[in-house]
Every structure is written in C-alpha cells, then in structure tokens.
Amino acid sequence: MIRAILWDIDGTLLDFSVSEKAAIRKCFEIFGLGTCTDEMVSVYSKINSRYWHLLEDGKMSKQDILISRFREFFPLYGIDPSISEAFNDEYQLRLSDTVVFTDGAEEVINCLHGSLIQCAASNGTRVAQEGKLRRSGMDRIFEHTFISENIGYEKPDPGFFNYVISALAPVRPEEVLIVGDSLSSDMKGGFNAGIRTCWYDPQKMPNTTDMTFDHIIADLREVPPIIRMYA
Ligand SMILES: [Mg+2]
C-alpha cells in the first residue's frame with residue numbers, strides 16, 4: 001500500500017520554465033538591463049541546469065551555484081557579473097510570482113487529497129519554494145514540505161531521504177512513492193533509499209541510467225491508478 005507520496009515541484013507539479021522566464025525578465029527590468037530575449041533565457045536555462053547537476057553530484061554548494069550561474073551568464077551579454085548576488089536575491093523572490101501547474105497536476109493532487117499523505121520534496125531555495133507553494137495553494141494540501149535548504153542535504157543525498165523517512169514514520173519506506181522528473185535527483189535518491197519510484201517523463205526521453213523504476217509515466221493523471229494498484 002502507498003501511504004505517502006513525495007512530489008518533486010519544479011518540472012513535475014509546476015512548469016518551471018514558465019516561472020524561470022518570467023522571473024528573469026522581471027529582474028532584467030528591475031536592474032535596468034534591457035530586454036532578456038528568448039534566446040538569452042534559453043542560454044541561461046542551459047547554464048542553470050548544468051549548475052544544478054553539480055549540486056546534485058555534491059560538487060558545489062547551493063549558494064555557489066545560485067551565484068555562479070549568473071556570473072557565467074552575464075558576461076556573455078556584456079553585463080557586469082558583480083551584480084550576480086543582488087540579482088539572485090531578487091530572482092529568488094520573483095520565482096514565485098508566476099506559478100503554472102503542469103498538465104493534470106492540480107487535478108491529481110486535489111483528487112488524492114485526504115486519501116494519503118502528500119508532501120513536497122524539493123531542492124529549490126526555501127524562499128522560492130515556500131512562495132510557490134503558497135501562491136499555488138499547495139501549502140494547504142501538503143502535510144510536509146521537505147526543502148533541501150531546511151534539511152541540510154540535497155536530493156539525491158541519502159541524508160535528504162533518511163530525514164524524510166524518519167519524518168514519515170510509522171509509514172515504512174516501501175509505502176512511500178516519489179514522483180519526479182529528474183533521474184539524477186528524484187529517481188536516483190528514491191531508488192537508493194528503497195522507496196517506490198515513479199519517473200515523470202513527459203517528453204518520453206530514454207532512461208539513461210542503469211536503474212530501473214517502479215513506474216514511468218508521461219502524464220501525472222496516471223498516478224492515482226498506480227496508487228490504487230497497491231491497495
Ligand atoms: Mg524537478
């Protein structure tokens with residue numbers, strides 16, 4: 001039986017690319033940096049993903065990646081990188097201004113409400129993630145909000161999952177299902193922690209790891225039937 005579900009937030013329940021684009025554009029406006037074009041957003045986004053992987057691999061700290069991504073991005077467009085820290089502070093606040101659910105997400109969390117423990121499990125910053133959960137109303141549905149910055153470990157670190165499993169006791173690890181879009185953080189961490197794994201793969205990308213997952217879905221509406229399957 002599945003008694004608890006761990007939801008990844010960015011790229012799983014929320015469309016991160018929409019809030020990322022809106023936040024960076026707003027900050028360009030606030031800092032008087034001119035227009036941030038679609039091409040610039042896409043360049044930034046690739047740099048950003050690369051840094052988040054370094055965080056997941058434990059090669060860089062959260063604070064370092066937050067600043068370094070802008071330090072690398074700004075000089076490409078002739079912007080003084082010394083504003084990176086102040087820019088990032090504003091950016092974290094702006095990330096929760098625009099919150100858009102992915103396809104089926106709102107319907108699914110509402111449908112599961114009351115039937116099992118739903119939790120957020122995120123590597124985002126506390127400021128941005130708490131803002132997003134409030135604005136989206138998910139804070140009223142989730143019983144726990146597990147944010148790496150509060151726990152002191154990032155997914156996929158076992159420290160993150162050990163903390164979550166202790167917090168959910170007496171629910172046992174095999175009664176916990178993690179749903180997330182990232183192979184390197186959600187799936188790797190869940191797999192190693194011995195909880196049930198559900199890879200959300202809307203683009204139907206190949207599984208490039210040597211891990212096998214309990215479920216692979218392209219639509220979040222497949223989650224409630226999966227949970228019923230265990231009952
Ligand atoms: Mg994600």
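Scroll up to find the structure this text is about.
1. Some thoughts on the overall build of the protein
Scanning the protein from N- to C-terminus turns up 10 helices and six strands. A total of 231 residues make up the protein; the buried ones form 50% of that total. Long-range contacts, defined as pairs at least 24 residues apart, comprise 62% of the intrachain contacts of the protein with a sequence gap of at least 6. As displayed, the protein offers around 10700 Å² of accessible surface, 50% of which is attributable to carbon and sulfur atoms. Of the charged side chains in the protein, 23 are positive and 34 negative, and the gap between their average positions amounts to 2 Å.

2. Comments concerning the sheet that holds strand S4 (residues 176-180)
Spatial strand order, S3-S2-S1-S4-S5-S6: six strands in an open sheet with parallel pairing. Here the strands that pair on one side only, and so sit at the sheet edges, are strand S3 (144-147) and strand S6 (215-217). Pairwise comparison of adjacent strand axes, ignoring direction, gives a mean angle of 20 degrees for this sheet. Where strand S2 (residues 117-122) meets S3, four bridges bridge the pair, whose relative direction is parallel.

3. Re the coordination of the magnesium ion
Those donors, Asp 8 (OD), Asp 10 (O) and Asp 181 (OD), are the protein atoms that reach the magnesium ion, and they lie 2.1 to 2.2 Å from it. Spacing between the donor residues of the magnesium ion along the chain follows D-x1-D-x170-D. Residue Asp 10 is found in the loop between strand S1 (4-7) and helix H1 (16-30), and its partner Asp 181 is found in the loop between S4 and helix H9 (183-193); the two are separated by 171 residues along the sequence.

Calculation rules
- Residues numbered from 1 in each chain as written.
- Predicted model: local features only at pLDDT ≥ 70, side-chain atom pairs only at ≥ 80, totals over all residues.
- Heavy atoms only, no water.
- Helix = DSSP H or I, 4+ residues; strand = E, 2+ residues; numbered from the N terminus.
- Buried < 20%, exposed > 50% of the residue type's maximum accessible area, 1.4 Å probe, protein only.
- Contact = heavy atoms within 4.5 Å.
- Areas by Shrake-Rupley, 256 points an atom, 1.4 Å probe, with all protein chains shown as cover.
- Lys, Arg positive; Asp, Glu negative; His and termini not counted.
- Charge placed at Lys NZ, Arg CZ, Asp CG, Glu CD.
- Pairing = 2+ DSSP bridges.
- Axes fitted to C-alpha atoms, helices over the stretch in contact; angles between N-to-C directions.
- Donors = N, O, S within 2.8 Å, 3.2 Å for Na, K, Ca; no water.

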